[in-house]
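As a plain string of letters, each chain reads:
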There are 2 protein chains.
Amino acid sequence: MEKKYTHTTPADIENTSMRIITEELRSMGITLPEETAPVVKRVIHATADFEYANTLSFTPGAMEKILSCLTSGELSLVTDTNMALSGISKASLEKLGIPAFCYMADPEIASLAKEQGTTRAYCAMGKALFDSKKGPVGLIVGNAPTALIRISEEIRNGNPPAFVIGVPVGFVNVVESKEELYELCLSMGIPAIIARGRKGGSTVAAAIANACLYMATRSLDPRARGWD
Amino acid sequence: MEKKYTHTTPADIENTSMRIITEELRSMGITLPEETAPVVKRVIHATADFEYANTLSFTPGAMEKILSCLTSGELSLVTDTNMALSGISKASLEKLGIPAFCYMADPEIASLAKEQGTTRAYCAMGKALFDSKKGPVGLIVGNAPTALIRISEEIRNGNPPAFVIGVPVGFVNVVESKEELYELCLSMGIPAIIARGRKGGSTVAAAIANACLYMATRSLDPRARGWD
């Protein structure tokens, strides 16, 4: 590799990036709470978009509760897209014994959505929360506002998730569905991380999930590198 | 679903989103060239970030040349991450007869990267362009600047790709590697779509690839819906 590119190993690139992000946040006068900083910084790392320092919202105590779920040995995770699932660290999931699923490509979900004239994401979250009767389920939504709409409905129906990472992106129903879910989680004591506004996406969802997984891994083994 | 959410089918949500994006671009005084507008709008759709209207750069004639590659029946695609691969429309790839690969999880790539003290993305792009001797390869990079560095090196070594979508995200080597590759593609006549600056990501890479694939599909069958 040519000499003008000085940082070339993954560890070096990661550490330098995090240092730049920390410095730029400081120069912007933004101080992040210690508890949530690793999540916010990883999202900025994944997007190069400092707006997330202002838009990422955590219900009170969300990080502690989410980390407790991740280290419980009982949790399963469900994502709204295979893309988000693909971005989540398999090594961390394995270390923590967390199975992770996405139902978007299931033929039964596709036919159910067609039948009901709704989205696959709406039906997939219904399935995820039906399964939550068997054990706690953490939900990770990076794409579909209709997934959040279904989660809010199921919370009202008495089928709450263990936690929600709700960061869909877009122009239709996105802002409203995030606000509704955030308020509902706040009032019901369900830990939630929501990206207010239009922005979000599968990379944002995966970055938040990975930041939480790395923190959970480190809480079990302080020598763990914390990312991979 | 509750009545306050009025747009609930995928087609309805997509059409309404695209109308909002078109209107907001107009109100911002931005006129996109007809040729590249579908790509830029799909990226804004995937990110809710209008900055891409200014940062996405296309080498002259890039769209026409990329669409010609996609409909040639000879192309294969290689992405830098499984996440980007996961976001690319399998239905469109199948319609166009394009095989798509990612070598990031290959054990041989991992051991080669470790041996050379570099990234898996750097080695994976080397493999992709070595394979290009067997047939034209389009490269899609949403994450790793080291992937772009290797592509530039291989272009200089006489192993050019059929085209490059180069939109990695980040803080180290990202801006420089994009500028170097863009200039090189410009001077060598290699079609390229690059997101100038720090921003980008796997969702951006997949959105660009999908916009191109939908345009290619429609050019073969004007009745095709153009997205899925």
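Residues numbered from 1 in each chain as written. Chains lettered and ligands numbered in written order. Predicted model: local features only at pLDDT ≥ 70, side-chain atom pairs only at ≥ 80, totals over all residues. Heavy atoms only, no water.

Enquirer: Describe the overall build of chain A, and please don't skip the residues or the numbers.
Expert: Along the backbone of chain A there are 11 helices and six strands. Taking 2.2 N^0.38 as the reference for a compact globule, 228 residues should give roughly 17 Å; the C-alpha atoms of chain A span a radius of gyration of 18 Å, in line with that estimate. Each principal axis of the C-alpha atoms in chain A carries an extent, and together these give about 60 × 35 × 35 Å. Going through the 228 residues of chain A one by one, you find that 61% of them count as buried. For chain A, long-range pairs separated by at least 24 residues make up 68% of all intrachain contacts whose partners lie at least 6 apart in sequence. Counting every atom, chain A has about 9300 Å² of accessible surface; 52% of that belongs to carbon and sulfur. Averaging the coordinates of the 23 positive side-chain charges in chain A and doing the same for the 25 negative ones gives two points 3 Å apart. (Helix = DSSP H or I, 4+ residues; strand = E, 2+ residues; numbered from the N terminus. Rg over C-alpha atoms; globule rule 2.2 N^0.38 Å. Buried < 20%, exposed > 50% of the residue type's maximum accessible area, 1.4 Å probe, protein only. Contact = heavy atoms within 4.5 Å. Areas by Shrake-Rupley, 256 points an atom, 1.4 Å probe, with all protein chains shown as cover. Lys, Arg positive; Asp, Glu negative; His and termini not counted. Charge placed at Lys NZ, Arg CZ, Asp CG, Glu CD.)

Enquirer: Please provide a residue-by-residue account of the nonpolar core, values included.
Expert: By size, the foremost hydrophobic cluster in this structure holds 104 residues, and its most contacted members are L56(A), L70(A), I208(A), L56(B), L70(B) and I208(B). Here L56(A) is in contact with V40(A), V43(A), V167(A), I193(A), I194(A), A195(A) and I208(A), once residues within four sequence places are set aside. (Core = buried A, V, L, I, M, F, W, Y, C linked by side-chain atoms within 4.5 Å.)

Enquirer: Can you lay out the confidence of the model for chain A for me, pointing to particular residues and giving the numbers?
Expert: On average, residues of chain A score 93 in pLDDT, and 94% of them are at 70 or above. Scoring the predicted complex yields pTM 0.94 and, for the interface, ipTM 0.92. (pLDDT = per-residue confidence, 0-100.)

Enquirer: Give me empty space enclosed by the protein: which residues, what numbers.
Expert: Inspection of every chain in the model, using the stated rule, returns three cavities of 30 Å³ or more. Its volume calculated, the largest cavity comes out at about 140 Å³. Those elements that place two or more of their residues in the lining of the largest cavity are α2 (37-47) and α11 (202-220) of chain A together with α2 (37-47) and α11 (202-220) of chain B. Looking at the lining of the largest cavity residue by residue, the classes come out as six nonpolar, seven polar and four charged. I66(A), L70(A), L77(A), I140(A), F163(A), I165(A), A209(A), C212(A) and L213(A) together form the lining of the second largest cavity. Those elements that place two or more of their residues in the lining of the second largest cavity are α4 (62-70), β5 (163-166) and α11 of chain A. If one sorts the elements of the lining of the second largest cavity by residue count, α11(A) sits on top with three residues. (1 Å grid on protein atoms, 1.4 Å probe; cavity = no way out; pocket = protein on both sides within 12 Å on 5 of 7 lines; lining within 4 Å. Points joined across faces, edges and corners; volume = space filled by probe spheres on them. Nonpolar A, V, L, I, M, F, W, Y, C, P; charged D, E, K, R; others polar.)

Enquirer: Pulling in residues and values, what's your account of the relation of the copies chain B and chain A?
Expert: Turning chain B through 180° and shifting it by 0.0 Å along the axis lays it on chain A, with an RMSD of 0.0 Å. These values place the two chain copies in the arrangement generated by a two-fold rotation axis. When C-alpha positions in chain B are compared against the rotation axis, the closest is assigned to M83(B), at 2.7 Å. The fraction of interface residues of chain B whose copies in chain A are also interface residues reaches 100%, indicating that both copies meet through the same surface. (Least-squares fit on C-alpha atoms with pLDDT ≥ 70 in both.)

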